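In case you want the letters, here they are:
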Amino acid sequence: MEASESGAAFKKETVFKLLSLYFKDVKTKVSNDAVVLMAEMLKIFVKEAAIRASKQAHTEDLDCVQVEHFEKILPQLLLDF
Amino acid sequence: MADTEEQRNFTQTQRLKAAVHYTTGLFCQEVAEDKEVEFSKQTIAAIAETTFRQCEIFARDLEAFARHAKRTTVNAEDVKLTARRSNALFSFITQRSEELVSNNQEQKEKRKKAGGKAKKKSDAPLQSGMDEDEDSNMA
């Protein structure tokens, strides 16, 4: 079996536990589709963060992405999500 | 015994953070290969930490949306609402959601034809041991 979803992905159980951790009501549950979609959301979040940070590093003519590059793109990233 | 429960919550949080960190590392590796750059360890850690904290915002939003719709189960519609801020993101999530729905329809029809036990998967609350859906997401 090749790697699922063409590469890395958040495991459904991890996403489920992550969300459940912050639910205020114990009765709140998550549908299977919602978990899958949230895994996608998180994947996009991480990839956007990584790609934007790498573009920032590229703009500064560097090929190693440092925290400062991530910090520079962080505000816009959070606004976009 | 509040201490033990606190400790247990702490350990679980640590484990979740570690899981997020690991997967974040994998994603960064993919991007690194794609864009031909390198990510410092601190950067990966920072992205992982931010993702972890963003989950809290997502979770609270999802719960609030579901409650607003007078439901106890968060569903795909709630997730779509969470993606409302960016048009591109919203379109992407809506598209994925529709793919999932059509996949579920197909699987339901297959099961009906096979005449096996009818298992409702798509909108039922998540239980452990669901492996089939991961395959259906291969695009």
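Please read these numbers as outputs of a predicted model, since none were measured by experiment.

## Observations concerning the packing of helix H2 (residues 32-59) of chain A against helix H3 (residues 67-80) of chain A
Residue and element names in this part refer to chain A.
Consideration 1: For the pair H2 and H3, the least separation of the axes is 9 Å and the interaxial angle reads 135 degrees. Classed by the angle they form, the pair H2 and H3 counts as oblique. Every pair of crossing elements has a handedness; the one defined by H2 and H3 is right-handed. Taking contact as the criterion, the partners of Phe45, Glu48, Ala49, Arg52, Ala53, Gln56 and Ala57 in H2 are, on H3, His69, Phe70, Lys72, Ile73, Gln76, Leu77, Leu78 and Asp80.

## Description of the confidence of the model for chain B
Residue and element names in this part refer to chain B.
Consideration 1: A residue-level look at chain B finds 81% of positions with pLDDT of 70 or above and a mean pLDDT of 84.
Consideration 2: Confidence drops under pLDDT 50 across residues 127-139; counting only partners more than four residues distant or on other chains, this segment forms 19 contacts.
Consideration 3: If you check the scores for this complex, the pTM reads 0.81 and the ipTM reads 0.89.

## Things to note about the pattern of salt bridges
Consideration 1: Applying the stated criterion across every chain, the model contains 13 salt bridges over all chains.
Consideration 2: B:Arg96 is the salt-bridge partner of A:Glu40, the closest N and O atoms lying 3.1 Å from each other. Note that A:Glu40 is positioned in helix H2 and B:Arg96 in helix H4 (residues 87-114), a pairing that runs across two chains. In this structure, A:Glu40 and B:Arg96 share a single accessibility class: buried.

## Digging into the interface of chain B and chain A
Consideration 1: Across the contact, 62 residues belong to chain B and 55 residues belong to chain A.
Consideration 2: Regarding the contact of chain B and chain A, the summed buried area is about 5,700 Å², with carbon and sulfur atoms giving 71% of it.
Consideration 3: For the interface between chain B and chain A, the tally reads 3 salt bridges.
Consideration 4: The closest approach of N and O atoms between A:Asp25 and B:Arg67, which form a salt bridge, is 3.3 Å.
Consideration 5: At the boundary of chain B and chain A, one finds 17 residue pairs in polar contact (both at pLDDT 80 or more).
Consideration 6: Contributing elements (two or more residues each) for the side of chain B that touches chain A: helix H1 (2-35), strand E1 (38-39), helix H2 (41-68), strand E2 (73-74), helix H3 (76-82), H4 and helix H5 (132-136) of chain B.

## Topic: unusual backbone geometry
Consideration 1: Phi is positive for A:Asp61, close to 65 degrees, though the residue is something other than glycine.
Consideration 2: Checked against the element boundaries, A:Asp61 lands in the loop between H2 and strand E2 (64-65).
Consideration 3: Its relative accessible area of 72% is what places A:Asp61 among the exposed residues.
Consideration 4: You will see that B:Lys70, though not glycine, has its phi angle at about 60 degrees, which is positive.
Consideration 5: With respect to the secondary-structure elements, B:Lys70 resides in the loop between H2 and E2.

## Overview of H3(A)
Because each turn of an α-helix spans 3.6 residues, side chains separated by three or four positions in sequence point in the same direction.
Consideration 1: Helix length check: H3(A), at 14 residues, gives a terminal C-alpha distance of 20 Å against a target of 20 Å (1.5 Å per residue), a fit within 8%.
Consideration 2: For H3(A), the set of buried residues is A:His69, A:Phe70, A:Ile73 and A:Leu77.
Consideration 3: Residues of H3(A) that are buried make contact with H2 and E2 of chain A together with H2 of chain B.

## Observations regarding the packing of aromatic side chains
Consideration 1: Inspection of the entire model under this criterion finds 3 aromatic pairs over all chains.
Consideration 2: Ring geometry for A:Phe10 against B:Phe27: centres 5.7 Å apart, planes inclined by 55 degrees, an arrangement best described as tilted. Residue A:Phe10 is found in the segment before helix H1 (12-22), and its partner B:Phe27 is found in helix H1; the two belong to separate chains. Of the two residues, A:Phe10 and B:Phe27, both sit in the buried class.

Definitions and limits used
Residues numbered from 1 in each chain as written. Chains lettered and ligands numbered in written order. Predicted model: local features only at pLDDT ≥ 70, side-chain atom pairs only at ≥ 80, totals over all residues. Heavy atoms only, no water. Axes fitted to C-alpha atoms, helices over the stretch in contact; angles between N-to-C directions. Helix = DSSP H or I, 4+ residues; strand = E, 2+ residues; numbered from the N terminus. Parallel < 35°, antiparallel > 145°, perpendicular 65-115°, else oblique. Left-handed = near helix turned anticlockwise from the far one by under 90°. Contact = heavy atoms within 4.5 Å. pLDDT = per-residue confidence, 0-100. Salt bridge = Lys/Arg side-chain N within 4 Å of Asp/Glu carboxyl O. Buried < 20%, exposed > 50% of the residue type's maximum accessible area, 1.4 Å probe, protein only. Buried area = accessible area lost by both parts, 1.4 Å probe. Polar contact = N/O pair within 3.5 Å; in protein donor to acceptor, adjacent residues only side chain to side chain. Expected span 1.5 Å × (residues − 1). Phe/Tyr/Trp six-rings, centres within 6.5 Å; stacked < 30°, edge-to-face > 60°.

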